[in-house]
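Chains, contacts and geometry: an overview
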Amino acid sequence: MFEHKTEEEARKEILSAVEEYYQTFHAKKKEFREGDRISYASRVYNHEEMCNLVDSALEFWLTSGRYTQQFETELAEYIGVRFCSLVNSGSSANLLAFMALTSPLLGERRVNRGDEIITVAAGFPTTVTPFLQYGAVPVFLDLTIPQYNLDVSQLEKALSEKTKAVMIAHTLGNPFDLKIIRSFCDEHGLWLIEDNCDALGSEYCMDGEWKKTGSIGDIGTSSFYPPHHMTMGEGGAVYTDNPLLHKIIRSLRDWGRDCMCSSGQDNMCGHRFDKQYGELPLGYDHKYVYSHFGYNLKATDLQAAIGCAQLKKLPGFVKCRQENFEYLKEKLSVLQDKLILPRACPDSNPSWFGFLITCREGVDKNHVVQYLEFHGVQTRMLFSGNLIKQPCFDEMRKKHDGYRVIGDLQVTDYIMENSFWIGVYPGMTKDMLNYMVDMIKDSIK
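This section reports on the structure supplied with the text. (Residues numbered from 1 in each chain as written. Predicted model: local features only at pLDDT ≥ 70, side-chain atom pairs only at ≥ 80, totals over all residues. Heavy atoms only, no water.)

1. Section: the pairing of strand β8 (residues 219-223)
For β8, the buried fraction is high: five of the five residues fall into the buried class. Neither face of β8 is exposed, since Ile219, Thr221 and Ser223 on one face and Gly220 and Ser222 on the opposite face are all buried. Pairing of strand β5 (residues 191-195) with β8, which is carried by three bridges, proceeds in the parallel orientation. Across the sheet, Glu194 pairs through a bridge with Gly220, a residue of β8. In this structure, β8 lies alongside strand β9 (residues 236-240), joined through four bridges in antiparallel fashion. If you follow Ser222 over to β9, its bridge partner there is Ala237. (Buried < 20%, exposed > 50% of the residue type's maximum accessible area, 1.4 Å probe, protein only. Helix = DSSP H or I, 4+ residues; strand = E, 2+ residues; numbered from the N terminus. Pairing = 2+ DSSP bridges.)

See the structure below:
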């Protein structure tokens, strides 16, 4: 078939066939009919993702390569930071972000075992899991309604001589109060990690300048799991403006090695065999010198290829999410005596991940959720609800050890018992949005 063609000609023919395959078998979308399942999230893509994926597969480099470098450069530019590292999941991104703070290279600011990290209990577990696995102590604060973010009035109560960092997520795309929290961290010499996994594209006005969330803290993280703002199947990213933190993140991601050469590169620094490291022999190969206890958390170039195509669509995705959110809010406003509707944090422009609803007194959340699910509308809880009430905390709770709680987490528990959310992803049509509104109204009747 390709006997008399150059590799470039053969590649063009293959990619042309891939585009045709997409148009024939993937492009036709089934029209929504009442009763069809409405997912809270789904992939939105076209032939560009498929062509990039096949293009990368034809090179058969597989591990991180040219698409990875392109994606890291373009995502860093989008976020507004200097450095970005692609990883294999959002959970790995959170692991790297936290573990970077434990590096000996940070001196007195290093997080040691027993040090405390301020966070919230109503979130996704892998924001907190890295602290516990390392031996640091999470300090759980309550949330506020209807922003569903950390209650900043509790920050000073949470502070102790052991506090080293704040690590929290922007809840379902709604930025937390970055002015107050950034100021608190600066005043007390604390690190700030923004778990940006549910908020890619959200903006916050800081000192009169609009900035992307993830760029205001010391480190930001993203997830590219299919339900998120963009996807590459599995994948995540860690980004920062701090060159030292970037160096640590890259070392930890790439087995803990001291060398900064990319996969397939050798001797980029020109000193691969002429330096002394620790008690190793003089001139020991720098590619096998380890400055951290690290991991292999790299993504593949196949994933990055999909990400490069998705990243082009991201501004449009964000716009659709915002429009869908506002449409739902307007249509559901007639139920504000029954439901608490979400509200954006002041000075923010959220890239919404979902539409979070809290049932007022007299409205049974379980009934509403089961009614929606029975009629084809997929729902989700606010992740762990109250993390310390999850089975994974059973042993710690019995010993009253390994974490601290500020106050009684009364609002967190209220959200756990009375809140749920539905999707606003870009693939939703007006018919789907209207059906969800109708089902919510019917469930309350």
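2. Side note on the sheet that holds strand β6 (residues 203-206)
Read from one edge of the open sheet, three strands run β7-β6-β11, paired in antiparallel fashion. The two strands at the open ends of the sheet, each matched to only one other strand, are β7 (209-212) and β11 (348-349). Where β6 and β11 come together, two bridges link them in antiparallel fashion. The partner of Tyr204 across the bridge, within β11, is Ser348.

3. Focus: a negative patch on the surface
A contiguous patch of negative charge on the surface is contributed by Glu31, Glu34, Asp431 and Asp438. In this structure Glu34 comes out as exposed when scored by relative accessible area, which is 69%. (Patch = residues over 30% accessible without salt bridge, like charges linked within 9 Å, V, L, I, M, F, W, Y side chains within 5 Å. Areas by Shrake-Rupley, 256 points an atom, 1.4 Å probe, with all protein chains shown as cover. Salt bridge = Lys/Arg side-chain N within 4 Å of Asp/Glu carboxyl O. Lys, Arg positive; Asp, Glu negative; His and termini not counted. Charge placed at Lys NZ, Arg CZ, Asp CG, Glu CD.)

4. Brief notes about the sheet that holds β9
With mixed pairing, eight strands are arranged side by side in an open sheet as β1-β9-β8-β5-β4-β2-β3-β13. A single partner strand is all that each edge strand has here, and the edge strands are β1 (83-87) and β13 (404-405). With five bridges connecting them, strand β2 (residues 116-120) and strand β3 (residues 137-141) associate as parallel partners. Its bridge partner lying in β3, Val120 is registered against Leu141. Sitting on the sheet, helix α7 (residues 178-188) touches β2, β4 (163-169) and β5, and the angle it makes with β5 is about 150 degrees. (Contact = heavy atoms within 4.5 Å. Axes fitted to C-alpha atoms, helices over the stretch in contact; angles between N-to-C directions.)

5. Description of the packing of aromatic side chains
We describe a pair of aromatic rings using the distance from one ring centre to the other and the angle between the two ring planes. Taken as a whole and assessed by the stated rule, the structure comprises 15 aromatic pairs. Aromatic side chains Tyr21 and Phe25 sit 4.9 Å apart centroid to centroid with 45 degrees between the ring planes, which places their arrangement in the tilted category. With Tyr21 and Phe25 both in helix α1 (residues 7-25) and four residues apart, the pair spans about one turn of that helix. Residue class for Tyr21 comes out partly exposed when judged on its relative accessible area of 43%. Their ring planes at 65 degrees and their centres at 6.1 Å tell us that Phe140 and Phe393 sit as a pair that is edge-to-face. With Phe140 in strand β3 and Phe393 in the loop between α10 (365-374) and α11 (394-399), this pair connects stretches of sequence that are 253 residues apart. Since its relative accessible area comes to 2%, Phe393 is described here as buried. Grouped by ring-pair contacts, the aromatic residues Tyr40, Phe124, Phe353, Phe383 and Trp421 constitute a single cluster. Above the ring of Tyr45, the side-chain terminus of Lys29 is found at 5.4 Å from the ring centroid. (Phe/Tyr/Trp six-rings, centres within 6.5 Å; stacked < 30°, edge-to-face > 60°. Lys NZ or Arg CZ within 6 Å of the ring centre and 35° of its normal.)

6. Some thoughts on unusual backbone geometry
Cis peptide bonds are those with omega within 30 degrees of zero, and the linkage from Ile145 to Pro146 qualifies with 15 degrees. Residue placement: Pro146 occurs in the loop between β3 and α6 (155-158). With a phi angle near 55 degrees, Asp207 is a residue other than glycine that sits in the positive phi range. Note that Asp207 resides in the loop between β6 and β7. Of note in the backbone geometry, Phe383 takes a positive phi value of approximately 55 degrees without being a glycine. Considering the arrangement of structural elements, one finds Phe383 in the loop between α10 and α11.

7. Considerations on the nonpolar core
Formed by 34 residues in total, the largest nonpolar core has its most connected members in Phe98, Leu101, Ile117, Phe140, Ile219 and Val238. Where this core is concerned, the elements lending two or more residues are α4 (90-100), α5 (129-134), β4, β5 and α8 (243-253). Tallying contributions element by element places α4 first for this core, with seven residues. Sequence-distant contacts of Ile117, that is, excluding residues within four places in its chain, are made with Phe98, Val111, Phe131, Ala136, Val137, Pro138, Val139, Ala165 and Met167. (Core = buried A, V, L, I, M, F, W, Y, C linked by side-chain atoms within 4.5 Å.)

8. What to know about the pattern of salt bridges
Within the structure shown, the criterion is met by 27 salt bridges. Among the ionic pairs, Glu72 bridges to Arg253, the shortest N-O distance being 3.1 Å. Here Arg253 lies in helix α8 and Glu72 lies in helix α3 (residues 66-79), a separation of 181 residues in the sequence. The exposure classification of Glu72 matches that of Arg253, with both residues buried.

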